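A look at the structure
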Amino acid sequence: MGSRAAGRLEPVPAAAAPGRATFLELFFDLVYVFALTRISARAFEDLTQDPGREHGWGTITGSGKTLLLLLALWAVWQGTAWTTSRYDPYRVPLQTVVITALVCSMVMGVAIPRAFSQTALMFAVAYVIAQVTRPVILSVALGPHPYRRLKVRMAVIYAVSGVLWIGGAMLSTNAQVVLWSVALGFEYLAARCGWPVPGLGRSTISKWEIAGEHLAERYQQFFLVALGETILVAGFSYSKGPYEKGHAWAFALALATSIMLWRIYVQRAGRILGEAVMKARHPANIGRSAADTHLVMVIGLACTAIGYELIIEAPLERIPGSWLAMVLGGPALFLAGRARLEYEVFARVSPSRWIALTVLVVSSVPLLHLPGVLATALGALVLAAVAVADARRAHGAPPEAATPPF
């Protein structure tokens with residue numbers, strides 16, 4: 001490792017880059033198991049602490065604030081994953097970037113439950129440090145390399161948005177939400193436009209070099225982290241008791257749902273995402289598209305986990321619309337993201353995806369008048385039907401090769 005750590009940092013050619021994630025990257029992912037459980041806990045508290053808010057504006061704004069925190073977590077994880085997919089992750093500068101992001105993500109996770117009150121500044125400072133230090137460290141390590149200009153532009157963008165993050169943390173909740181939303185939108189738009197800075201230019205993503213196989217594996221691993229979080233939430237919720245029949249059924253259906261989510265994801269498209277990225281004419285383009293796709297699926301998994309906790313606590317009661325939005329909206333978001341992933345890998349979408357989405361949407365109205373455990377059962381059955389349809393299509397046929405449309 002000593003020889004690899006010496007010398008100036010250079011982007012790793014895609015053909016020479018390792019496909020496997022390092023132990024440090026997997027260690028980094030473990031922090032997100034904790035952080036995602038804090039997201040679920042915050043949303044659960046917001047949906048249950050005040051019965052009068054079940055159908056009101058407060059529930060919508062509370063969900064929006066929780067989503068904002070999840071997007072910030074995702075931004076740190078994704079920026080780190082892209083960095084380790086473009087440079088040798090065994091080099092000291094890269095390991096410094098990952099460790100810094102790990103610590104900051106842990107602090108953000110701790111701050112999540114009260115991120116819009118007592119711990120706002122803690123969350124904001126941790127986020128800004130994670131985002132600013134990454135391009136600063138890389139710009140120093142790259143020396144005169146042409147990519148250094150990109151890192152300088154990124155550092156400028158994050159420094160500007162950092163003012164909004166930290167400034168917002170010192171204001172009232174409404175102003176904080178506005179400034180944080182503007183900051184996150186500004187960063188997202190800057191990334192889409194090639195990090196433009198007056199006097200320093202901008203870049204074109206199609207020219208970026210990435211280790212496509214490594215990046216695809218990182219998305220797969222984050223999906224597993226989010227899926228593992230659904231298992232944790234179901235287990236923690238059921239372990240609190242009581243262990244009556246309705247609660248047992250809700251727990252069993254939660255486990256079945258998680259298994260179906262895994263099965264649908266890995267049924268070919270999720271398994272060979274790396275192959276699709278490598279085959280694409282511009283791997284960075286499909287890499288960015290896959291990032292958005294996995295974000296949708298991860299949001300779906302987070303909603304599903306929240307639904308587990310809500311239904312396991314009150315399986316036989318009629319549930320409000322906000323609860324049903326988590327129970328059925330989670331699987332629906334996952335299926336929407338999974339349909340897009342299928343298009344990214346195979347340039348098509350199976351009809352079972354749209355049929356399943358339609359069933360989930362149409363059935364939401366009558367389920368408002370039935371016990372919550374039935375909504376969980378319907379979600380599990382719909383996902384099982386999609387999994388069976390995928391298995392039937394693949395049965396007896398040779399493994400389908402990736403044909404990305406990019």
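What counts, and where the lines are drawn
Residues numbered from 1 in each chain as written. Predicted model: local features only at pLDDT ≥ 70, side-chain atom pairs only at ≥ 80, totals over all residues. Heavy atoms only, no water. Helix = DSSP H or I, 4+ residues; strand = E, 2+ residues; numbered from the N terminus. Expected span 1.5 Å × (residues − 1). Buried < 20%, exposed > 50% of the residue type's maximum accessible area, 1.4 Å probe, protein only. Arc of directions from axis to C-beta. Contact = heavy atoms within 4.5 Å. Core = buried A, V, L, I, M, F, W, Y, C linked by side-chain atoms within 4.5 Å. Polar contact = N/O pair within 3.5 Å; in protein donor to acceptor, adjacent residues only side chain to side chain. Phe/Tyr/Trp six-rings, centres within 6.5 Å; stacked < 30°, edge-to-face > 60°. Lys NZ or Arg CZ within 6 Å of the ring centre and 35° of its normal. UniProt positions renumbered as here; feature names shortened; annotations may be inferred. Axes fitted to C-alpha atoms, helices over the stretch in contact; angles between N-to-C directions. Parallel < 35°, antiparallel > 145°, perpendicular 65-115°, else oblique. Left-handed = near helix turned anticlockwise from the far one by under 90°. Nonpolar A, V, L, I, M, F, W, Y, C, P; charged D, E, K, R; others polar. Patch = residues over 30% accessible without salt bridge, like charges linked within 9 Å, V, L, I, M, F, W, Y side chains within 5 Å. Areas by Shrake-Rupley, 256 points an atom, 1.4 Å probe, with all protein chains shown as cover. Salt bridge = Lys/Arg side-chain N within 4 Å of Asp/Glu carboxyl O.

Per an unreviewed UniProt entry, the chain carries the name Low temperature requirement protein A and comes from Micromonospora parva.

Compared with the 16 Å implied by 1.5 Å per residue over 12 residues, the 17 Å span of helix 13 (residues 351-362) between its first and last C-alpha is a close match. Burial in helix 13 covers these residues: Ser352, Arg353, Ala356, Leu357 and Leu360. Seen along its axis, helix 13 keeps its buried residues to an arc of 135°; they face one direction. For helix 13, the exposed residues set more than 90 degrees away from the buried face come down to Pro351, Ile355, Val361 and Val362. Buried residues in helix 13 make contact with helix 9 (245-266), helix 12 (321-346), helix 14 (364-367) and helix 15 (372-394).

A separate point is the nonpolar core. Counting 106 residues, the largest nonpolar core has Phe123, Trp165 and Trp180 as its most contacted members. The biggest single contributor to this core is helix 11 (residues 283-313), with 16 residues. Once residues lying within four places of it in the same chain are set aside, the contact partners of Trp165 are Ala72, Phe123, Ala124, Tyr127, Val128, Trp180, Ala183, Leu184 and Glu187.

Below, the discussion takes up the side chain of Asp88. Within the element layout of this structure, Asp88 appears in the loop between helix 3 (57-84) and helix 4 (92-111). Only 3.0 Å separates the side chain of Asp88 from the backbone nitrogen of Tyr90, close enough to count as a polar contact.

Further remarks concern the packing of aromatic side chains. Using the criterion set out here, one finds 16 aromatic pairs in the structure. Aromatic side chains Trp165 and Trp180 sit 5.1 Å apart centroid to centroid with 40° between the ring planes, which places their arrangement in the tilted category. Taken as a pair, Trp165 in helix 6 (residues 147-169) and Trp180 in helix 7 (residues 173-192) lie far apart in primary sequence, 15 residues in all. Considered together, Trp165 and Trp180 belong to a single accessibility category, that of buried residues. Each residue in the set Phe28, Tyr32, Trp74, Trp77, Tyr219 and Phe222 is aromatic and connected to the rest through ring pairs, giving one cluster. The ring of Phe116 has Lys65 lying over it, and the distance from NZ or CZ to the ring centre is 5.5 Å.

Moving on: the environment of Tyr238. Assignment of secondary structure puts Tyr238 in helix 8 (residues 212-239). Classification of Tyr238 by relative accessible area gives buried; the value is 17%. Residues Tyr238 and Leu324, 86 residues apart in the sequence, show an inter-C-alpha distance of 19 Å. If near-sequence neighbours (up to four positions away) are discounted, Tyr238 is found in contact with Tyr243, His247, Ala248, Phe251 and Ile312.

Moving on, we get to the UniProt feature "transmembrane region" (unreviewed entry) in the chain. UniProt records the feature "transmembrane region" (unreviewed entry) for residues 21-44, 56-77, 97-116, 122-143, 155-172, 246-265, 286-308 and 374-391 in the present numbering. What you have in residues 122-143 is 95% helix and 0% strand, and the ends, taken at the C-alpha atoms, are 32 Å apart.

Here we take up the packing of helix 9 against helix 12. At a minimum axis distance of 10 Å, the contact between helix 9 and helix 12 shows a crossing angle of 15°. Our classification of the angle between helix 9 and helix 12 gives roughly parallel. Between helix 9 and helix 12 the crossing geometry is right-handed. Residues Leu261, Ile264 and Tyr265 of helix 9 form the contact with helix 12, whose participating residues are Phe334, Leu335, Arg338 and Leu341. Per-class residue counts for the contact of helix 9 with helix 12 are six nonpolar, no polar and one charged.

Let's shift gears to a nonpolar patch on the surface. On the surface, Leu121, Val125, Ile129 and Met170 cluster together into a nonpolar patch covering about 340 Å² of accessible area. Summarising the element assignment, Leu121 is placed in helix 5 (residues 120-142). The class of Leu121 is partly exposed, set by a relative accessible area of 39%.

The next subject is the environment of Ile264. Among the secondary structure elements, Ile264 is positioned in helix 9. Residue Ile264 is classed as buried on the basis of its relative accessible area, which comes to 0%. Each C-alpha atom of the pair Ile264 and Val388 lies 9.1 Å from the other, and the pair is 124 residues apart in sequence. In this structure Ile264 touches Phe334, Leu335, Arg338, Arg353, Leu383, Val386, Ala387 and Asp390, once residues within four positions along its chain are discounted.

For side chains of opposite charge, pairing can occur when their charged atoms come near one another. On inspection of all chains with the given rule, the structure shows 12 salt bridges. A salt bridge links Asp292 to Arg192, with the shortest nitrogen-to-oxygen separation between them at 2.1 Å. A residue pair is termed long-range when its members are at least 10 positions apart, and Asp292 in helix 11 and Arg192 in helix 7 qualify at 100 residues. Arg192 gets classed as partly exposed once you look at its relative accessible area, which sits at 31%. A salt bridge links Lys279 to Glu275; the nearest nitrogen and oxygen atoms lie 3.3 Å apart. A residue pair is termed a helical-turn pair when its members lie 3 or 4 positions apart in one helix, as Lys279 and Glu275 do in helix 10 (residues 273-279) at four residues. Lys279 gets classed as partly exposed once you look at its relative accessible area, which sits at 47%. One salt-bridge network, in which partners are shared between bridges, spans Glu342, Arg348, Arg353, Asp390, Arg393 and Glu400.

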